[in-house]
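Structural overview for review
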Amino acid sequence: MHIATLVFVSTLFVTSGAWADDFASDWQGTRTWLGPQFWANRLQDWRLENGVAIALAPNRRNAHITTVWVDANAPFELQTEVALGGQPAGNGSAVWAGFQLGMKPPLNDRRSLLVPRVNVRAVRAGVRANGVLFIENQLVREPRLRHRPLLLTLTCQPQGTHSLLTLQAKGIGPRGQTLAAVSIELPVSQLSGGLALAVGGPQGDASTRPETGPNQSEVEDVSDDSEADATDEIAADSADDADGALGTRAVNDSRSGNELQWHFQFVKASGDGIKVDPRRTFGPILWTQYLVAHGNLRMNVQLPPLGETDSKSVRLQCQRHGEWSTVATADWEPMSRTALLEAANWRELGDVPYRCLCYWQGKEHVWEGIVRYVDPRRPRMTIGVFSCDHGYAFPLAGTVQQVRRQDPDFVYFAGDQIYEVFGGFGIQRQPLADAMLDYLRKYYQFGWTWRDVLKDRPSVIIPDDHDVFQGNLWGESGAAAVHGQQQGGYLMPPEWVNAVQRTQTAQLPVGPDPAPVSQGIAVYFTSFELGGIPFAVIEDRKFKSSPHALTGHGRAITPAEADLPDAQLLGPRQEAFLSHWSQEHSQSDLRIVLSQTIFAKVHTHAGPNLLPSGLDFDSGGWPQSKRRRALEALRDAPTLMLHGDQHLGVLARHGVRTWEDGPVAFMVPGTANGFPRAWWPEKPGDQPTAAQPESTGRFEDPFGNRVTVLAVANPDRGANRLKLQQAGPDEVALRKGSGYGIVTIDREQHQLKFEMWHHAPDQLPLPQPSQFAGFPVVIPFQP
């Protein structure tokens, strides 16, 4: 199989105030990352080699220039030098390289352009591997462009409501002559928008198809965001032959000798129609996430895939009494691309400004924030709770603005920060290095979404099943899923799983029982105090048993049969940890437990058609006896449990020995819900609330677990059939019940206030924030 590859060179801005007039690449060195002004789709399909950008060229690969906006009401010029490395299979008519322009963001935030969407169109201009020059469907078949490399120059001359677009191809060198040219007149509105370098390949290339791995049938799908687009590729001209195909340039390809490579030496954009905003960069310090625990500050710094010759060191400086001083230094870890900065003996009793610094490409780069002090003497503390971002509403600009205004003291991301479909292209499981880059591209979207929230407050982020590329995860204490996920264990290799965990959990303090599980997979269950409140972090999935022994019987399983005596939920190690933590803090006014999912099956309908659902072994309600054991340990003092996972918002009170004798559970919906779930009971429970009498009250879930539903945030009925092609991302997110939660702990009044906020659309001005019906809810806790 042949895959085409592209190459580009580095980026520099000439700035004047906030804006620069022109753009010119300034690539240097050898590394995967193209630089802070580029977003590569996919990350593993692009790289720099000796200052030349190289990209694989199957269907729909591009590298957005994030700082450039094209305004076709004024003249502009785009220029790049391109050459093909390798020989394409067939006649080369479907393999091409050049420019994409005129892309309109589906949301107000221009970052929404960076991921492929079926309703975003672009004007394409470039050269095919068979030597044909083109703009859209305008072709120049003769002469075939035999001279390589080629200098491609695309010019735009406005002519009223339309502009004349001309693409010229020249030979390289001082005597380079124009070899071919093609022109087309297009509406100004079609040409204005984002700009990207782009490559293409055969529509059916296997590398464009999502990879799911063995028995990956339960990978959730938004069901309305098809990745296929029959018009997304330039139509191949079957009449063309390979005689005039572009020749090759010798570039060391460290991947495979069978891959084709497009080599771009540079890219430039100039003219009055080019608007450059240097503030729209991402990196080399992408973001930070931190936590102060046990007197130590731990800050996890996320970086891009830098090169072997780039500086490895990241420094943390804090400002005290107006002076900056270095408090920690660390090298970035090569697989996760994270640097863990640790400052011991942190005794600050106020907010402390910080900055992270790394030296890259001849310059010191800085990322700044605040180490927030959460004062235990303050009467109130607020927590933001988030989970399950399916990616179609990236970058959640309205929601992030709203959260920043609400200014929680602490934020908790309960899992599924990414999904397999996140950012398009499915997933790649092999080879391991590319699988890591595949994850990082998705996780980088999470970080770019939330970094302005994360930089200024402590956070806990824990992975769930989709973060490790699984539809469901019964971890079986770290076993390998050699027979597929239904049999239990991890589908991905342990070193990959550990790297994923490092990106999300490295800021957590080391727990009391840190020994790894099977395959050497690390654990992160732990405890800490924040604002005078004890917290425990537990792992719902890692130790849990698979239900495979209960399947294949050809009949319904009763709840009693489902409660297998040897099946685990948290496992003995976490049970012992939770029991000890609970006893240690039995006199606390309030304790908080953070985990992935709620300890009951609190949805009645699920799936693309939202049909009634029965036993759900993925829920925290199974196995029942181990669920009761875990909750029994938490009955001796007021306890709040925070969760995500189910794409549904629920406030509930667990029953262990009787009704309402267990912890309060607050489960938030996804920030962009995908797989539909709802709580639509056939009849109200006993003692329903006045605000939601049809869906609240005392219930037994299908496993027989007692749960009292106090409030619920459901999707709209019929929202499961809503398609992104018919409605925009904001409408889909709103109607599917997307949102997040805010918890306010009022120590003076001894009460908890639970807010469940709708997804905030990316609109200007920001619309009035709104909560789900039935919220807010205020309940007391006993000191």
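Rules and cut-offs
- Residues numbered from 1 in each chain as written.
- Predicted model: local features only at pLDDT ≥ 70, side-chain atom pairs only at ≥ 80, totals over all residues.
- Heavy atoms only, no water.
- Core = buried A, V, L, I, M, F, W, Y, C linked by side-chain atoms within 4.5 Å.
- Buried < 20%, exposed > 50% of the residue type's maximum accessible area, 1.4 Å probe, protein only.
- Helix = DSSP H or I, 4+ residues; strand = E, 2+ residues; numbered from the N terminus.
- Contact = heavy atoms within 4.5 Å.
- Expected span 1.5 Å × (residues − 1).
- Bend = angle between axes of the 7 residues up to and from the residue.
- Axes fitted to C-alpha atoms, helices over the stretch in contact; angles between N-to-C directions.
- Parallel < 35°, antiparallel > 145°, perpendicular 65-115°, else oblique.
- Left-handed = near helix turned anticlockwise from the far one by under 90°.
- Salt bridge = Lys/Arg side-chain N within 4 Å of Asp/Glu carboxyl O.
- Nonpolar A, V, L, I, M, F, W, Y, C, P; charged D, E, K, R; others polar.
- pLDDT = per-residue confidence, 0-100.
- Polar contact = N/O pair within 3.5 Å; in protein donor to acceptor, adjacent residues only side chain to side chain.
- Arc of directions from axis to C-beta.
- 1 Å grid on protein atoms, 1.4 Å probe; cavity = no way out; pocket = protein on both sides within 12 Å on 5 of 7 lines; lining within 4 Å.
- Points joined across faces, edges and corners; volume = space filled by probe spheres on them.

1. Things to note about the nonpolar core
Of all hydrophobic cores here, the largest spans 68 residues; its most connected members are Y439, W450 and W496. Broken down by secondary-structure element, the contributors of at least two residues to this core are α2 (397–406), β27 (410–413), α3 (432–454), α4 (494–505), α6 (571–584), α7 (624–632), α8 (729–735) and β40 (739–746). In terms of residue count, the dominant contributor to this core is α3 (12 residues). Residues contacting W450, with those up to four places away along its chain left out, are F386, L396, T399, V400, V403, F413 and T671. With 54 residues, the next largest nonpolar core counts A40, A72, C156 and I184 among its residues.

2. Describing α3
Under the 1.5 Å per step criterion, the end-to-end length of α3 is only 29 Å for 23 residues, more than 12% shorter than the ideal 33 Å. Where α3 bends most, at W448, the angle is about 40°.

3. Structural notes on the packing of α3 against α4
Any two packed helices are characterised by how steeply their axes cross, that is the angle between the axes, and by the distance between the axes. Running from amino to carboxyl end, α3 crosses α4 at an angle of 25°, the nearest separation of the two axes being 10 Å. The orientation of α3 with respect to α4, classified from their angle, is roughly parallel. Here the hand of the crossing between α3 and α4 comes out right-handed. Taking contact as the criterion, the partners of L432, A435, M436, Y439, L440 and Y443 in α3 are, on α4, E495, W496, A499, V500, T503 and Q504.

4. Notes on the pattern of salt bridges
Scanning all chains against the criterion turns up 34 salt bridges. In this structure, R635 engages E632 in a salt bridge whose closest nitrogen and oxygen atoms are separated by 3.2 Å. We classify R635 as partly exposed; its relative accessible area is 29%. Of the residues examined, E632 reaches a relative accessible area of 29% and is grouped as partly exposed.

5. Section: the packing of α2 against α3
Look at α2 against α3: their axes get within 10 Å of each other, and the N-to-C directions meet at 10°. Viewed along their axes, α2 and α3 adopt a mutual orientation that is roughly parallel. Here T399, V400, V403 and R404 of α2 come into contact with α3, specifically with T449, W450, D452 and V453. A per-class count over the contact of α2 with α3 returns four nonpolar, two polar and two charged.

6. Let's talk about the confidence of the model for the protein chain
This prediction gives the protein chain a mean pLDDT of 88; 89% of its residues lie at or above 70. The model gives residues 1–18 a pLDDT under 50, and that stretch makes 101 contacts with residues more than four places away or in other chains. For the stretch residues 203–257, pLDDT sits under 50, and the model shows 163 contacts to residues farther than four places along the chain or on other chains.

7. Points about the side chain of Q504
Its place among the elements puts Q504 in helix α4. Separated by 2.6 Å, the side chains of Q504 and Q417 make a polar contact. Not counting chain neighbours up to four residues away, the residues in contact with Q504 comprise Q289, Q417, Y439, Y443, I461, I462, P463 and D467.

8. Notes on α6
For α6, with 14 residues, the first-to-last C-alpha span of 20 Å sits near the 20 Å given by 1.5 Å per residue. Every buried residue of α6 is accounted for by G571, Q574, E575, F577, L578, W581 and S582. Burial along α6 is one-sided: seen end-on, the buried residues are contained in an arc of 160°. Exposed residues lying more than 90 degrees from the buried face of α6 are P572, H580, Q583 and E584. Next to the buried residues of α6 lie β29 (526–530), β30 (533–537), β31 (591–597) and α7.

9. Focus on empty space enclosed by the protein
If you walk through the whole model with that rule in mind, you get eight cavities of 30 Å³ or more. Residue lining of the second largest cavity: 13 residues in total, with W33, F38, W39, A40 and L43 positioned closest to the centre. Sorting the residues of the lining of the second largest cavity by element identifies β4 (38–41) and α3 as the ones contributing at least two each. It is β4 that provides the largest number of residues to the lining of the second largest cavity, a total of three residues.

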